[in-house]
Each structure stands twice: as structure tokens, then as C-alpha cells.
Amino acid sequence: MAKKETLPMNLDLNDQEPGSNIIYSNEVVSIIAGVAASEVEGIASMVNTPNGGLLGKNRNVTKGVKVEIGTEEASVDLYVTVEYGKPIQKVAQDVQEVVHKAIEEMTGLHVVRVDVHVQGVSFEKENSSFASQAQHTALESAKAEMAKVEGNPAEKVAAQDAADE
């Protein structure tokens with residue numbers, strides 16, 4: 001398979017008239033792959049490819065996608081971050097299946113491979129729960145400090161909160 005980064009390739013389909021072609025650019029296939037991959041549960045994000053990915057107005061959609069197109073086939077490399085707690089192998093296999101199917105159904109190109117490069121694990125959900133817990137702890141500390149001030153109405157609030165627990 002000849003490697004061409006962003007040049008359009010011709011595709012001859014058997015059911016069309018001889019000499020008629022459908023031309024796909026790498027960016028079109030990258031968009032299809034990027035959208036399909038981002039919809040898989042367990043994918044936290046797509047990360048930049050080693051070569052920087054494709055540039056253009058669809059930059060965010062093609063982030064983390066590298067595509068090679070031949071005359072009748074395509075291969076895809078996806079660079080992803082997986083959500084913490086999700087089974088990485090299952091998420092990667094789901095991405096392979098979804099991207100493979102999307103490209104073949106939308107373009108008619110034969111997808112020879114979809115390689116998933118797991119670049120990291122996202123702890124974002126856990127970090128947000130830790131952040132809310134830290135905010136709660138800080139609020140409780142602030143209430144306790146205010147209660148130390150004699151005559152402060154917050155002292156009654158803190159005492160009432162302690163009694164309620």
C-alpha cells in the first residue's frame with residue numbers, strides 16, 4: 001500500500017461506469033475515524049499523533065488520527081486516552097470495530113487495519129470527585145474556624161451541624 005499523507009486517491013468501483021472515480025482525501029477518512037472513535041464508551045480523549053495529526057478546520061475531530069489510503073484500501077492509527085476503570089482491551093477492541101465499520105460503510109474502502117495506541121489513562125472523573133470532597137472539607141474547616149470566634153452566629157450553626165451528625 002502506497003503511503004500518501006493528504007493527497008486524494010482514486011477509487012474504481014465495479015458497479016460504476018469504467019473510468020469513473022470516487023476520490024477520498026485522507027482528511028475525510030480521518031474525520032470518519034475520529035468521530036466514530038470518540039463515540040465509543042471508555043474513550044476519554046484523542047491525543048496528538050506523533051506527526052501532529054492533520055491540520056485544518058476539522059482539527060479537533062482528526063486529533064489523534066493518522067490515515068493511509070491506497071486505491072481501494074485504508075489503514076488507520078488512533079492515539080487515545082482511556083477512562084480510568086474501563087477495561088482497556090475491550091475499549092480498544094470496540095474502537096477498532098466501530099472505526100472499521102464506519103469507514104467501510106461510508107466510503108466503500110476496504111479497511112486493512114485499525115491500530116489503537118493507548119497513550120494514557122484519564123483520572124478526570126476521580127479528580128472531580130476528589131475536588132468536590134476537598135471543597136466540602138474546606139467548607140467544614142471554615143465553619144469550624146468561624147465558630148471559634150466568640151459571639152459569632154456561625155458557632156451556633158457549627159454546633160447544630162455537629163449535633164445533626
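Up top is the structure these notes are about.
Residues numbered from 1 in each chain as written. Predicted model: local features only at pLDDT ≥ 70, side-chain atom pairs only at ≥ 80, totals over all residues. Heavy atoms only, no water.

Engineer: Teacher, can you tell me more about the overall build of the protein here?
Structural biologist: From N to C terminus, the protein includes five helices and six strands. Reading the secondary structure of the protein in the N-to-C direction produces β-β-α-β-α-β-β-α-β-α-α. By the burial criterion, 29% of the 165 residues in the protein qualify as buried. Of the contacts formed within the protein by residues at least 6 apart in sequence, a portion of 67% connects residues at least 24 apart. (Helix = DSSP H or I, 4+ residues; strand = E, 2+ residues; numbered from the N terminus. Buried < 20%, exposed > 50% of the residue type's maximum accessible area, 1.4 Å probe, protein only. Contact = heavy atoms within 4.5 Å.)

Engineer: Is there a simple way to think about the pattern of salt bridges in this case?
Structural biologist: Pairing between side chains of opposite charge can happen when the charged atoms of each approach one another. Tallied over the entire structure, the rule returns four salt bridges. A salt bridge links R113 to D115; its shortest N-O distance comes to 2.6 Å. With a relative accessible area of 28%, R113 lands in the partly exposed category. The exposure class of D115 is partly exposed, given its relative accessible area of 29%. Connected via shared salt-bridge partners are D77, R113 and D115. (Salt bridge = Lys/Arg side-chain N within 4 Å of Asp/Glu carboxyl O.)

Engineer: What should I look at first to understand the environment of N60 in this one?
Structural biologist: Relative to the assigned elements, N60 resides in helix α2 (residues 59-62). Relative accessible area serves as the criterion here: at 67%, N60 is assigned to the exposed category. Taking the C-alpha atoms as reference points, N60 and V35, 25 residues apart in sequence, are found 9.8 Å from one another.

Engineer: Sorry if this is basic, but what is going on with a nonpolar patch on the surface here?
Structural biologist: A cluster of nonpolar side chains, contributed by Y84, I88, V118, V121 and F123, occupies part of the molecular surface with about 420 Å² of accessible area. Residue position: F123 is located in the loop between β6 (110-122) and α4 (124-148). Exposure remark for F123: the relative accessible area of 42% places this residue in the partly exposed category. (Patch = residues over 30% accessible without salt bridge, like charges linked within 9 Å, V, L, I, M, F, W, Y side chains within 5 Å. Areas by Shrake-Rupley, 256 points an atom, 1.4 Å probe, with all protein chains shown as cover.)

Engineer: I tried to follow the environment of V65 on my own but got confused; where do I start?
Structural biologist: With respect to the helices and strands, the residue V65 is situated in strand β4 (residues 65-69). Distance in space between the C-alpha atoms of V65 and D77 is 5.9 Å, their sequence separation being twelve residues.

Engineer: How should helix α1 (residues 26-38) be read in this particular structure?
Structural biologist: Turn by turn, an α-helix covers 3.6 residues, leaving residues three or four places apart pointing in a common direction. If you check α1, its first and last C-alpha atoms are 18 Å apart, about what 13 residues at 1.5 Å a residue would give, namely 18 Å. Taken as a whole, α1 has its buried residues at N26, V29, S30, I32, A33, G34, A36 and A37. (Expected span 1.5 Å × (residues − 1).)

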